[in-house]
Structures are given as structure tokens and as C-alpha cells.
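Single-letter residue listing:
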Amino acid sequence: MSDVILEMDGIVKEFSGIRALDGVSVSVERGEVHAICGENGAGKSTLMKVLSGVYPHGSFDGTITLDGRPVAYSSINDSERDGVVIIHQELALSPYLSIAENIFLGNEVQRGGVIDWNKTNLMAAELLARVGLQENPATKVLELGVGKQQLVEIAKALSKEVKLLILDEPTAALNDDDSAHLLGLIEQLRTQGITSIIISHKLKEIRAIADTVTVIRDGQTIESFDVTDSDDIETRIIRAMVGRPLDHQFPPREPDIGEEKFRVEEWTVHHPIDVERVVVDRASFSVRAGEIVGFAGLMGAGRTELAMSIFGRSYGSGISGRVYKDGREIQTRTVGEAIRNGIAYVTEDRKRYGLNLIGSITVNVSAAALGKLAKLGIIDRNREYAVADEYRKQMNIKTPSVSAVVGNLSGGNQQKVVLSKWIYSGPDVLILDEPTRGIDVGAKYEIYGIINEMAAQGKAVIVISSELPELIGLSDRIYTIAEGKLTGELDRAHASQEELMRHMTAARIQGAQAP
């Protein structure tokens, strides 16, 4: 007989009359790793917020049973007292506090009403050792990379005597090494009797670590199954997630490539603070009309710094080099100047740089091209709404109204809003930095289709991605970058993952730039 630690039965949750969860049921066995999969907006995060008390008992229908007894959590503190701890995709650490202060924030180690700092730091060090970190507990969180911050969150969970650990997209922002370390830690926690629920879009990770998978689609449970019961686990998950098999991961495309549209020559960028440090070193590349050009590089190679410095010098200092469009030199000294010259940049960090999260879809879509909606300096609000609604339909943004607040949308739908904003600006050159980060396979397929359509319209498209299969599947040509210098240029026919990685890890190879 199975030992069930968690039973959620018939969970229904509505927002303004719209059912985000429609009778979802999930059963989790003690000590297992249970993956929750589904498209963006399917209801995965909502379900976990119901479980953890973010959405309190009484705001939803259905029952939750933990360790064989019904529970009714009114807050996240209630669930944590029962050992249910959730780590959200957006990490909840205070950057200016130390690691130790973050671990015990709200749960301070006291003696006589005064915080015992010696014991706090000692206990923090023990917890850090459990998650494989050797940092000094007094280190400020802002000095840590995202991967180590994720481990601090897990150490914080362990301090609360966690029994059921919920991780929402834990590796979405991590590189391969950090992801592997985190997955290894989850395996280790399983041996210690800790049950984990993981929300993830990375199907290879699910195959590697999960015992059981539950798929949710449109707020309903589609199926739950043992990973070992399926030979092709990824195909089964995809079919359940999107309601159909994705026979091809990338939409079909017949490239129609024209003359050179965009060229950068001898582009050099220095670090904004350490001005002696060269971040991008004499990079030269070109993109033709209708062409999709990929940029591959390891974390810190200089891909994003290159893109941001070209787009209105949004990053860096001591920038030099030349930018050409349609054979004519242009200036991109400010973001406004870059936009006026037909360049758009979709940032890798949509929440920080790409969107106004407290604004509506309408104001976000129009943000980069308000001049197209103005008469005598006054915005035509009716026209603005109509434009946004048209993009809602074209992009299949899942929301009943463009008056919806963007911060309430799923990651995939937020990404479609960012794309809508820049497409409406009418660019000739579209730079996409990690365009599918943190979104599901169904939404990825839709965004790949949008990228292909932009190329079909004759635009020059640049795609920066950490996923090599994505670059190979999308791109006509791929540049590799290492230590700020372009180290290779490969066409689609010769761009294997092994060959790309060889160039990405190469020492500075001279003469690799495009002519």
C-alpha cells in the first residue's frame, strides 16, 4: 500500500469569474519527486499557492489532506508550521541582508528576546553545508549568483524542518552546472525523507529526476503517471500538455534571405564600473534581410552585453565601433535613437526591463511606439486599446481583456506581450535575448512561429539563447562568443551542439569575425 503524504481533491479556484483551477486532483507519495507539468497559464503555480496558503482556505473549493488529516491554511505561515515550504520562481531573498539573516528572517534565533548572532551564523553554516555551499554566512545575498541564491532558499526551507518542498521552475534561470547541482541536491533530500514537488518546463530534467508526473491543462488534471511506465516520457508529457503531439519541435520554414540588412564592425565595450575590463572585444557581424542569426556562448561570455550596448548603449562604458543598416552608418547612442533607427531589443529579463508589471496589456503594448498613437501630443486611448486587442488575438495571449494587469499573466503570455510591444514599434532589426526562457513547449512553438514570421517579413532577426538545440533549430547562421570575442561562425548545416560548444569554450581565436 502506498504511503500518501499529500492529497488535493477537486480544487476549484476562480479569479473574477474565470476558473483558473477546475476540479484539479493530485496525489503525492512520501519521499518521491513529483513533477507538475502544463503550459503557461494551465494553473500549476495557482495550485501550489492554494496548497501553501498563499490563497487561503475559503477562497477556493476542494479539500487538502496532509499526512492523513484535512488541513485548512489561512496563510503561508500556517503551511510552513506543517513543514510545507514553497520556493517561488521569483526568489524571495533580501539582497542587502546576509545569507544567515535571510535564512532565519521571520524565524530568528533568540536568547532572552535578543538575536543570538553566534548561534545564527553557526546554524546557517550547517545548513549551507547541507546544500553544498561554502560561503561565509555573513556574505550579503547580492554578492551571490542566481544558482547560489536558489541554494540559500533551500537552506532556508531546511531551517523550517521541511517535509514537503515545492519548487516552482527552480532551474529556469540557472546554467547547466548550477542546474545539475540543484537536481543532485533534490536527489539527496529524497534520501533524507523529504518529498519534493517540482514545477518545470524542462522535460529532460523531469525525465532525469521525477518519479511521478501530473499534467494540468486549462485548469484540469489530464493524467498522472509513473515515469518508469513510459518509454518516451517527453512525447507523452507534450501530448498531455498541449492536447496534441508536437511532431516537430520547430515550425516549418523556407528561408527567403536577401541583402545585408544590419552590420556591426569592431564593436568594443568596457565594463560599466571596472572601466579597464573589456567585456566585448572588437566584435564584427552581419545579418541579412529575412535571416535568423543566432548567438551562442556560455554564461558571462558577453552575449547580452553585446546586445544591450548596441541597443542605445544600455550597458557598458567606453563603447566604440560602427553600426550600419542597409549599408548606411547609423547612431544608436540612446534607446530612443536605436528605436528611431529601426532596432528593437527583447530583453532576457522581461520582469525587470521588458514590462510594466503593474500596468495593463494595453499600456505595455504601446509603450515603445506612443508616437504612432498620438495626435497633437495626445494619446488616442481608443486606438491604443484596439491595437493591443489586435495583438492579443494575433499572439494568442490568453486573457479575456487587454485591461488585465501584465503581472498577473503567465510567463509565456508575458513574453508575448513583450514581443507585441516591439513588433508594434515596426523594427527592421529585432534582437531577441533568451526569447523562450521559462516558458513551456507549447508557448515556445508559438513564439518560434512569431520569430519565423518576422524573418518572412524581411526583418533581420538576432536570437541569443542558452539552449543550443533552440539555436540550431531556428537559425540560418550562428556566431559563437567566448570571453567577449567572436570565436566562430557556422551555418545551419554545420552547427552541431558539439561543434558549437568547441567554439564556445575556445581560447580567443583570431580572425573569427564575419567579414
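Since this is a predicted model, take the numbers as computed values, not measurements.

**Student:** So what's going on with helix 6 (residues 176-191)? Residues and values would help.
**Tutor:** If you check helix 6, its first and last C-alpha atoms are 23 Å apart, about what 16 residues at 1.5 Å a residue would give, namely 22 Å. Residues of helix 6 that are buried: Ser179, Leu182, Leu183, Leu185, Ile186, Leu189 and Arg190. Looking straight down helix 6, one finds its buried side chains confined to an arc of 155 degrees; they lie on one side. Within helix 6, the exposed residues directed more than 90 degrees away from the buried face are Asp176, Asp177 and Thr191. Positive phi appears at glycine 193, one or two residues downstream of helix 6, with a value of about 90 degrees.

**Student:** Summarise the confidence of the model for the protein; cite the residues concerned and give the values.
**Tutor:** Overall, the prediction assigns the protein a mean pLDDT of 89, with 96% of residues at 70 or greater. Scored below 50 in pLDDT, residues 507-515 shows 24 contacts in the model against residues more than four places distant or in partner chains.

**Student:** Explain the packing of helix 4 (residues 117-130) against helix 5 (residues 146-159) residue by residue, including any values.
**Tutor:** Each pair of packed helices can be described by the angle between their axes along with the distance between the axes. Put simply, helix 4 and helix 5 touch, their axes get as near as 9 Å, and they point 115 degrees apart. For the crossing formed where helix 4 meets helix 5, the hand is right-handed. Contacts between helix 4 and helix 5 involve Leu127, Leu128 and Arg130 from the former and Val152, Ala155, Leu158 and Ser159 from the latter. The residue makeup of the contact of helix 4 with helix 5, split by class, is five nonpolar, one polar and one charged.

**Student:** Tell me about the sheet that holds strand 6 (residues 84-87), and please be specific about residues and values.
**Tutor:** The strand order across the open sheet built from six strands is 6-9-10-3-11-12, with neighbouring strands paired in mixed fashion. Edge positions in the sheet fall to strand 6 and strand 12 (220-226), since each of these pairs with one other strand and no more. Shown here is a sheet whose adjacent strand axes are inclined to one another by a mean of 15 degrees, direction ignored. Two elements, strand 3 (residues 33-37) and strand 11 (residues 212-217), share four bridges in a ladder whose sense is parallel.

**Student:** Any chance you could break down the environment of asparagine 341 for me, citing the residues and the numbers?
**Tutor:** When you line up the elements, asparagine 341 lands in the loop between helix 10 (335-340) and strand 18 (343-346). Distance from asparagine 341 to alanine 495, taken between C-alpha atoms, is 31 Å for residues 154 residues apart in sequence. Excluding anything up to four places from it in sequence, asparagine 341 contacts Lys325, Arg328, Ile330 and Gln331.

**Student:** Residues and numbers for the pairing of strand 3, please.
**Tutor:** Burial within strand 3 is extensive, with five of its five residues counted as buried. Residues of strand 3 alternate between two faces, with Val33, Ala35 and Cys37 on one and His34 and Ile36 on the opposite face, all of them buried. Both strand 3 and strand 10 (residues 195-199) contribute to a ladder of four bridges, which runs parallel. Among the inter-strand pairings, isoleucine 36 is bridged to a residue of strand 10, identified as isoleucine 199.

**Student:** Could you give an account of the packing of aromatic side chains, with specific residues and numbers?
**Tutor:** In the structure shown here, the tally under the stated rule is nine aromatic pairs. Here phenylalanine 285 and phenylalanine 295 contribute two aromatic rings whose centre-to-centre distance is 5.0 Å and whose plane-to-plane angle is 80 degrees, an arrangement assigned as edge-to-face. A residue pair is termed long-range when its members are at least 10 positions apart, and phenylalanine 285 in strand 14 (residues 278-288) and phenylalanine 295 in strand 15 (residues 292-296) qualify at 10 residues. Assessed through its relative accessible area of 3%, phenylalanine 285 is described here as buried. The exposure class of phenylalanine 295 is buried, given its relative accessible area of 2%. The interplanar angle of 65 degrees and the centroid separation of 6.0 Å between the aromatic rings of phenylalanine 285 and tyrosine 479 together place this pair among those described as edge-to-face. Taken as a pair, phenylalanine 285 in strand 14 and tyrosine 479 in strand 23 (residues 477-482) lie far apart in primary sequence, 194 residues in all. Each member of the pair, phenylalanine 285 together with tyrosine 479, is buried. Feature note: the residues Phe262, Phe285, Phe295 and Tyr479 constitute an aromatic cluster, connected by ring pairs. The positively charged end of arginine 236 is found above the aromatic ring belonging to phenylalanine 225, 3.9 Å away from the centroid. Here the basic side chain of lysine 372 rests over the ring of tyrosine 424, its NZ or CZ set 4.1 Å away from the ring centre.

**Student:** Lay out the sheet that holds strand 15 with the relevant residues and their values.
**Tutor:** The six strands are arranged 18-21-22-15-23-24 in an open sheet whose pairing can be described as mixed. The outermost strands of the open sheet, each flanked by one partner alone, are strand 18 and strand 24 (485-491). Ignoring strand direction, the axes of neighbouring strands in this sheet form an average angle of 20 degrees. Bridge analysis of strand 23 against strand 24 gives six bridges, and the strand direction is antiparallel. Residue isoleucine 481 lies in a different strand from strand 24, and its bridge partner there is leucine 486. Packed onto the sheet, helix 15 (residues 441-456) meets strand 15, strand 21 (429-433) and strand 22 (460-464) and runs at close to 150 degrees relative to strand 22. The strands touched by helix 17 (residues 497-504) within the sheet are strand 15, strand 23 and strand 24, with strand 23 carrying the most contacts at an inclination of about 35 degrees.

Conventions adopted
- Numbers given to residues run from 1 along each chain, matching the order in which its sequence is written.
- Reporting in this predicted model follows two pLDDT cut-offs: at least 70 for local features of residues, and 80 or more for side-chain atom pairs to be given and counted; totals over whole chains, interfaces and linings ignore these cut-offs and use all residues.
- The basis for every side-chain value is the complete set of non-hydrogen atoms in the structure, without hydrogens or water.
- For helices the rule is a DSSP run of H or I covering at least 4 residues; for strands it is a run of E covering at least 2, with both sets numbered from the N terminus onward.
- A helix is expected to reach a length of 1.5 Å times the quantity of its residues less one.
- Burial status follows relative accessibility: with a 1.4 Å probe on protein chains alone, a residue under 20% of its type maximum counts as buried, one over 50% as exposed, and anything between as partly exposed.
- The directions from the helix axis to the C-beta atoms form the arc being described.
- pLDDT measures the predictor's confidence residue by residue and takes values from 0 up to 100.
- In what follows, residue pairs with any heavy atoms lying within 4.5 Å of each other are defined as contacts.
- Only the stretch in contact is used when a helix axis is fitted, and all axes are lines through C-alpha atoms; the angle between N-to-C directions ranges over 0 to 180 degrees.
- Left-handed describes a crossing whose near helix is turned anticlockwise from the far helix through less than a right angle; right-handed describes the clockwise counterpart.
- Each residue receives one of three labels: charged for Asp, Glu, Lys and Arg, nonpolar for Ala, Val, Leu, Ile, Met, Phe, Trp, Tyr, Cys and Pro, and polar for the others, Gly being one of them.
- One bridge is not enough; two strands pair if DSSP finds at least two bridges between them.
- For Phe, Tyr and Trp, where Trp contributes only its six-membered ring, two rings pair if their centres lie within 6.5 Å, and the inter-plane angle classes them as stacked under 30 degrees, edge-to-face over 60, or tilted in between.
- Placement of a charge over a ring requires the Lys NZ or Arg CZ to be within 6 Å of the ring centre, with the centre-to-atom vector within 35 degrees of the ring normal.

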